Amino acid sequence: MAQAGIHAFVGAATRKIAPRKEWFMLGIVLGNLFPDLDNYAVAIATLTGSDPHGLHRTFTHSVFTVLLVGILFFIVARLQGQSKWFNLGIGLGLGIAMHIVLDLVIWFNGVELLWPFGGWVNFWEGISPPVWFGKLLNPAEFLFFALFLGWLGKTARSQQTDSEALPTLRRWTIAMWIFFLIFTPLAFVMSKGFLTIFGAFYLLALTATFVLTVRMRRTLAQA
Ligand SMILES: [Zn+2]
């Protein structure tokens, strides 16, 4: 897994070359974040005692998801008669595709590229990180959320965009730093139950970043 915040940064980095179309950059960044929302399915399965195996890096990480999102938003754009929905759909599709490629390259896991028809691809077969590094990967999620939200805030202030959302953004940025500082030692000292408590905060942080990205869409469009 690349950290979700890294995915968001990679999406935002395309703004220099992306066409300036309404909601397009929003789609790219949300598309880069979207696939890891499959962790909700993992959480629900775990809480209900079902088997969470095969829920992560499958149905949201498939080329068919990219196609489906494209078709869905094409239809919405036609029904609404507004091209911004089409731009959003193209951005989302591209963003999801970028997420999949990045997941394949970094790191230590594969992706079920052709779900539901299989197609598991893993460049990291048989390679696992050192234990201490593996433990750091989870709290590092909060570090990259904090960095991404901090960048959004800095960009918004210099462009004077989305100023009404800045106080909320700032509170969440601070919360991400606090989560990072708390969960880093916990990852090393908790022998049992870490993933449950980490998972709850991770889903909260990912959802907040998703919502804040929507609220900061003018900043993304102009950056
Ligand atoms: Zn992923």
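For clarity, every value in this text was computed on a predicted model and none was experimentally measured.

Each value, and the rule that gives it
Residues numbered from 1 in each chain as written. Predicted model: local features only at pLDDT ≥ 70, side-chain atom pairs only at ≥ 80, totals over all residues. Helix = DSSP H or I, 4+ residues; strand = E, 2+ residues; numbered from the N terminus. Core = buried A, V, L, I, M, F, W, Y, C linked by C-beta atoms within 7 Å. Buried ≥ 20, exposed ≤ 12 C-beta atoms within 10 Å, placed from the backbone. Domains from an automatic or database assignment. Contact = placed C-beta atoms within 7 Å. Axes fitted to C-alpha atoms, helices over the stretch in contact; angles between N-to-C directions. Parallel < 35°, antiparallel > 145°, perpendicular 65-115°, else oblique. Left-handed = near helix turned anticlockwise from the far one by under 90°. Nonpolar A, V, L, I, M, F, W, Y, C, P; charged D, E, K, R; others polar.

Caption draft 1: Spatial organisation of unusual backbone geometry. In this model, tryptophan 115 is joined to proline 116 through a cis peptide bond whose omega is 5°. Along the chain, proline 116 turns up in the loop between strand S1 (111–112) and strand S2 (120–121). A positive phi angle, near 70°, is found at tryptophan 23, a position not held by glycine. Within the secondary structure, tryptophan 23 sits in the loop between helix H1 (4–13) and helix H2 (24–33).

Caption draft 2: The arrangement of the nonpolar core in detail. One finds Val29, Phe142, Phe145, Leu149 and Met176 to be the most contacted residues of the largest nonpolar core, which totals 47 residues. Broken down by secondary-structure element, the contributors of at least two residues to this core are H1, H2, helix H4 (63–80), helix H5 (83–105), helix H7 (140–159), helix H8 (166–189) and helix H9 (194–215). Looking at which element gives the most residues to this core, the answer is H7, with nine residues. Here this core spans two domains, since at least three of its residues come from each of domain 1 (1–127) and domain 2 (129–223). With residues up to four places along the chain from it excluded, the contact list for leucine 149 reads Leu169, Trp172, Thr173, Met176, Thr209 and Leu212.

Caption draft 3: Region of the structure containing the packing of H8 against H9. Following both chains from N to C, one finds H8 and H9 inclined at 160°, their axes separated by 11 Å at the closest point. It follows from the interaxial angle that H8 and H9 lie roughly antiparallel. Viewed along their axes, H8 and H9 form a crossing whose handedness is left-handed. Mapping the contact onto sequence places Leu169, Trp172, Met176, Phe179, Phe183, Leu186 and Ala187 in H8 and Phe194, Phe198, Phe201, Ala205, Ala208 and Leu212 in H9. Within the contact of H8 with H9, the residues separate by chemical class into 13 nonpolar, no polar and no charged.

Caption draft 4: Examining the packing of H1 against H2 more closely. Interhelical geometry of H1 versus H2 gives an angle of 155° and a closest axis separation of 8 Å. Comparing their axes, H2 and H1 come out roughly antiparallel. Note that H1 runs across H2; the crossing there is right-handed. Here Ala4, His7, Ala8, Val10, Gly11 and Ala12 of H1 come into contact with H2, specifically with Ile28, Val29, Gly31, Asn32 and Leu33. Of the residues assigned to the contact of H1 with H2, the class counts are seven nonpolar, four polar and no charged.

Without other data, these values stay purely geometric and don't point to any function.
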